[in-house]
Amino acid sequence: MALQIGDIVPNFTAKDNYGNDFDSKDYLGKKTLVIYFYPKNDTRVCTEQACSFSDNYEDFKALGAEVIGVSSDTIDSHQQFSEKHKLPFILLSDSSKKLRKLFGVPNDLLGLIPGRVTYVVDKNGMLLLVFNSMSGKIHIEKALEILKRM
């Protein structure tokens, strides 16, 4: 079942773009999170979306939020993607699709492409935004709108 606005995000772990263990417990209760799921590194829309999050990263930080990108790409792929585009935020590898299942991220385009969904999670772990759209840049606008209202 997909997580919905008002739900509490369950704790989760994954490997980040440098092979380090990421544990949501280290963030929940301390920071607002913007978690965005995207289909694949180095594709046009995914790259535009990541670079747009990067371009607006200081705005997210100023509003007390940490940005986290999630796809099924490998740790090495994430590291290369992050370095190539100078991404200042965390990328998590979800090769088992465990996080996609946990959040209930649907597939798009007749189930062929992993979905693109952004979640804004407050400090207490409650979902404030679930935004599903294959258009990449609008995710940044929607997330910033919610953060500015907090």
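First things first, this report covers the structure right here in the doc. Worth saying up front: this structure is predicted, and the values here are computed from it rather than measured.

Time to look at the overall build of the chain. Helix and strand counts for the chain stand at five helices and nine strands. When the helices and strands of the chain are placed in sequence order, the string is β-β-β-α-α-β-α-β-α-β-β-β-β-α. Computed over its C-alpha atoms, the radius of gyration of the chain comes to 14 Å, within 12% of the 15 Å expected for a compact globule of 150 residues. Across its three principal directions, the C-alpha atoms of the chain cover 35 × 35 × 30 Å. When each of the 150 residues of the chain is scored for burial, the buried share is 48%. The long-range fraction of contacts in the chain, counting pairs at least 24 apart against all pairs at least 6 apart in sequence, stands at 65%. Approximately 7400 Å² of the chain is accessible, and the part contributed by carbon and sulfur atoms is 51%.

The subject of this paragraph is the sheet that holds strand E8 (residues 117-121). The seven strands are arranged E2-E1-E5-E4-E3-E8-E9 in an open sheet whose pairing can be described as mixed. Here the strands that pair on one side only, and so sit at the sheet edges, are strand E2 (21-23) and strand E9 (127-132). Across the sheet, the mean angle separating the axes of adjacent strands is 30° when strand polarity is ignored. Bridging between strand E1 (residues 13-16) and strand E5 (residues 90-93) involves two bridges; their strand directions are antiparallel. Within E5, the position partnered with Asp 16 by the bridge is Leu 92. Against the sheet, helix H1 (residues 44-55) touches strand E3 (32-37), strand E4 (65-71) and E8, its axis set at about 165° to E3.

For the rest of this paragraph, the subject is the side chain of Thr 47. Considering the arrangement of structural elements, one finds Thr 47 in helix H1. Filtering out sequence-adjacent residues up to four positions away, Thr 47 remains in contact with Asp 42, Phe 81 and His 85.

Now for the pattern of salt bridges. When their charged atoms lie close together, side chains carrying opposite charge are able to pair. In this structure the tally under the stated criterion is six salt bridges. Measuring nitrogen to oxygen at the nearest pair gives 3.2 Å for the salt bridge that ties Lys 40 to Asp 73. Placement of Lys 40 in the loop between E3 and H1 and of Asp 73 in the loop between E4 and helix H3 (75-84) is noted, with a sequence separation of 33 residues between them. With its nearest N and O atoms 3.1 Å apart, the salt bridge here joins Glu 66 to Lys 61. Glu 66 sits in the buried class, given a relative accessible area of 7%.

Now for the side chain of Gln 49. On the secondary structure map, Gln 49 appears in helix H1. Judged by its relative accessible area of 0%, Gln 49 falls in the buried class. Sequence-distant contacts of Gln 49, that is, excluding residues within four places in its chain, are made with Tyr 36, Tyr 38, Arg 116, Thr 118, Gly 136, His 139 and Ile 140.

Rules and cut-offs
- All residue numbers refer to positions counted from 1 along the written sequence of the respective chain.
- Reporting of local features is limited, given that this is a predicted model, to residues whose pLDDT is at least 70; pairs of side-chain atoms are given and counted only at 80 or more, and all residues count toward the totals for whole chains, interfaces and linings.
- Only heavy atoms go into the side-chain values, all of them from the structure, while hydrogens and water stay out.
- Helix numbers and strand numbers start at the N terminus; a helix is a DSSP run of H or I with at least 4 residues, a strand a run of E with at least 2.
- This radius of gyration counts C-alpha atoms alone. The globule rule is 2.2 Å times how many residues there are, raised to the power 0.38.
- Only protein chains enter the calculation, and the probe is 1.4 Å; a residue is then buried if its accessible area is under 20% of its type maximum, exposed if over 50%, and partly exposed in between.
- Whether two residues are in contact is decided by their heavy atoms, any of which lying within 4.5 Å being enough.
- Each accessible area is a Shrake-Rupley result for a 1.4 Å probe, and residues are judged covered by the shown protein chains and nothing else.
- Between any two strands, at least two bridges found by DSSP are needed for them to pair.
- Axis angles are defined between N-to-C directions and span 0 to 180 degrees, where every axis is a line fitted to C-alpha atoms and, for a helix, only to the segment in contact.
- Salt bridge, as applied in this entry: a Lys or Arg side-chain nitrogen positioned within 4 Å of an Asp or Glu carboxyl oxygen.

Nothing here speaks to function; it is geometry throughout.
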